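Residue-level structure breakdown
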Amino acid sequence: MSTVSGTSSTSSTLPYSNYTLNTSGSGPALTFNGLISGINTAQIIQALMTAYKLPQTDIQNQINQLNANVNDYQQLSGDLTQLQSAADAISQTSLWNQMSASSSNSAVATATASPGASPGSISFNVNQLAQANVLASSQSVSSTSSTVATSSPFLLSTSAAGNGVTSLTGTGLALGTHSFDVTQALTGGLATGSTPLAASTTITTGTNDTISATVNGTAYNFTIAAGTYTQSQLASAIDSASTVSGTQLLQATVTPQGDLKIGTTLLGSSASLQVTGGDALSSLGMVAQSTATTGTAGTVTLDGTSNSINNINAGSTVSLSDGTGGTITAGVGSFGLSQGTFSAQEVSTGNGSLSNVVSNINNSGAGVTASAVEVASGSYILQLASNTSGVDGAIVMDQTPFTSYLGNFNTVTQAQDAKLQVGGSQGYILDSASNNVTGLLSNVSINLQSAQPAGSAPITVTVTGNGQAMAQQVQNLVNAAKQALSDINKYAGYNYSTNTGGPLMGDSNLNSITQQILGVVAQTVGSGSLDGAQAVGVTVTGAGTIDFNQSTFLSAYAANPTGVAQVFSQQGNFTPSSNAYASGVSLLYAPDTTPAGSYAINVTQSAAQAVDTGAVSSTGTIVGAESLTFTQGGTSASYSATAGESLSAIASGLNQAFSSQGLTLNAAVQTVSGGTELVVNTTNYGSAQSFSATSTATGSGQTGLAGTSGSASFIGQDVAGTIDGITATGTGQTLAVPLSSATIPGFAVTVTTPGITSSTNLGTLNYNQGIAGGLAYVGNSAASPINGSLTYTIGSLQQQVSSLQVQYNNYTPMIQAEQTMLQQEFSAMESTLGGLQNTSQAIASQISKLP
């Protein structure tokens, strides 16, 4: 039987509005309201609250719809950001420089093009490959534990040979690295041929066998023995011819370019050489020297201690001090010591065993790989291999600790440079320390694989535009444009199949973006045979999207890569106000915010280099010796000119000094009224370019490069002017609109017109965006995080959501209060009814007791 009970089983009254019905005596109870009244008060309250919540529900629906729209606009903004990125990848001409390099014979050489490479080709023969020096002991030991060295440490280097050092021995040195800096080269007198030697030269007595020269101040006539010589044999013949009373005065060699190079065997300030004549000069590719070349004393810093070297013979040794009691005896090469730095390692022999020596060398950092090579059963030799190929990477070592055990070291592989004959027999020879050759073609690496036999046909390396790579970039751009168009149609278009519009339909901005994307392609104008986007494979379809025909693009690119690049990339065509300013202005950079149009260029001052102009010389020479020092950015370069030296020779010497010290300066001689003068200037323009000059001689007849005081400073000048009436910032030859500009921030041009000192209208730069630049502009205008139209729309919608959220939140406490009030009112009603029921029952009980 069912029972009905209140929430409190002990109460006999019914003051409650909540009751449970339990029909099984166990399990969950059913709760309902209005037992006394018989009314389902909970349902009534729910119905009343549903009506009361309608304003808040409507707000929530609005928020949901706005958030959905925000998501849609964010998707479109992302599409247009991708469009901008894809366009930016090819919007500038400099980005169309993807090149590929090919070799006509990959068994001899392969090639790789890097960014910045230019189309072109070069032919050459590989006469020999570069190889690293390998030495091996002439004697062997029975095991790797056998003793191969005394306890004395030894010097080892693979960088000394490049500076002219032939041997190194040390005493009292600390183990580890010892640093050398040849701050002043040790040289002798020198004469170099002006044209390469023939492969074979015949010397005939009385016809072409004499050289007249003044060597170290004494005049000589040298006679070359008659005979037919190779280049190297001819150099040896000159060595023999210059031997007087058993003393060799001159030494000759052949440069990698095939020129004959003759120097004095005496090295230092007392050495001098002037080739004055002789009937052999023509056969030697030489001409008489107008002045003598003088040697220089050398200065070598060893571990911070300076050592002077002067007036020694080539092939002799010099002792260098490290300032702490250690000394190094260095062998000097044929033509002295060249300026530069190198190092040597003082290596311990350990316990003297072969294995210990190998380990110590390999851990020394000397750039040498040591190996214990088993040449036969129970027979081991020590092999040393330089880790650096080329002549300059040859191993220089002190063999003394090893000779008693291993004998002398033999050359297994001679250090040699790679040699390329460029342009056939009438070309030149290029030396390379590595088989990876750079510099023949800009930004192209040529990897030599094998040497060619004499008489082989040259190979050709060709660099062409990488059409496939650029086609992929264009395909990426078209794909991004198609995605943006597709999504705009999805969200803002009308589907005639389902007769439904997208959630953003009616947004005129989205329709405008669609027209802008299609318009960029449809309105592109090319030049010549490339008369528009269709000529490079990009077309607008009838369905309102964009297609790309790769075959059309590749054909156009192969025929005219520059023209194709111009169709896609930003271009600036300058219209000068006068022929004097033609080519004086060019587009440097246009941000994606720059609209196509014409921009007036007005300049108030031209950019200038820092320029030091010397004194005018009527003779083209200086009267007295003069030492010049130029300092730029804390680095100095010096040149010592001799009395009577020509201005052209001084300019050449200065340029060598500038190059060796890394200064961006250039010296030249210019002709002016009354004679010639030296001019030194920075290679770049602008106020950031400066240098100073000092001179030891400032009187009449000197260079005049340091003024009358012997010291002077020079600074460049930035261009100044306006672009389209906006005051621009000048940096060197670059004129740029400030980023704070509201119209064309960052727009920059290069102004090369010289000599302007007052406000001058140079002309108009006509800026054309190209396909990529135009699409980048559309993408930026829509999706820019700063002022993009979609960014503004998204922000506006999010503000509406925020405002509605405030309204929604304000309704919540009102709704809660209303619900609490209704619950309290219905509870009070039930309590009142319960009380009335109890009273009724009591009255009924009393009435029933009446007689």
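Residues numbered from 1 in each chain as written. Predicted model: local features only at pLDDT ≥ 70, side-chain atom pairs only at ≥ 80, totals over all residues. Heavy atoms only, no water.

**Some points on the side chain of Thr-514**
- Structurally, Thr-514 can be placed in helix H8 (residues 508-522).
- Residue class for Thr-514 comes out buried when judged on its relative accessible area of 15%.
- Not counting chain neighbours up to four residues away, the residues in contact with Thr-514 comprise Leu-485 and Ile-488. (Helix = DSSP H or I, 4+ residues; strand = E, 2+ residues; numbered from the N terminus. Buried < 20%, exposed > 50% of the residue type's maximum accessible area, 1.4 Å probe, protein only. Contact = heavy atoms within 4.5 Å.)

**A word on a nonpolar patch on the surface**
- Together, Ile-39, Ile-44 and Leu-48 line one region of the surface with nonpolar side chains, adding up to about 210 Å² of accessible area.
- With respect to the helices and strands, Ile-44 occurs in helix H1 (residues 41-52). (Patch = residues over 30% accessible without salt bridge, like charges linked within 9 Å, V, L, I, M, F, W, Y side chains within 5 Å. Areas by Shrake-Rupley, 256 points an atom, 1.4 Å probe, with all protein chains shown as cover. Salt bridge = Lys/Arg side-chain N within 4 Å of Asp/Glu carboxyl O.)

**Thoughts on unusual backbone geometry**
- Even without glycine at this site, Asn-499 takes up a positive phi of about 55 degrees.
- Its location among the elements puts Asn-499 in the loop between strand S38 (494-495) and strand S39 (500-501).
- Judged by its relative accessible area of 54%, Asn-499 is exposed.
- Even without being glycine, Ser-583 reaches a positive phi, approximately 65 degrees.
- Mapping Ser-583 onto the fold places it in the loop between strand S42 (571-576) and strand S43 (585-589).
- For Ser-583, a relative accessible area of 68% gives the class exposed.

**A few points about the packing of aromatic side chains**
- Under the counting rule described, the total for this entry stands at 16 aromatic pairs.
- Relative to Phe-409, the ring of Phe-402 has its centre 5.8 Å away and its plane inclined at 85 degrees; by these criteria the two rings are edge-to-face.
- Under the relative-accessibility criterion, Phe-409 is labelled buried at 9%.
- On the basis of an interplanar angle of 75 degrees and a centroid distance of 6.2 Å, the ring pair of Phe-553 and Phe-568 is categorised as edge-to-face. Residue Phe-553 is located in helix H9 (residues 550-559), and its partner Phe-568 is located in helix H10 (residues 561-568); the two are separated by 15 residues in the primary sequence.
- Overall, the relative accessible area of 0% leaves Phe-553 in the buried class.
- The aromatic ring of Phe-335 is capped on one face by Lys-261, whose charged end is 4.5 Å from the ring centroid. (Phe/Tyr/Trp six-rings, centres within 6.5 Å; stacked < 30°, edge-to-face > 60°. Lys NZ or Arg CZ within 6 Å of the ring centre and 35° of its normal.)

Just distances and angles here, no functional claims.
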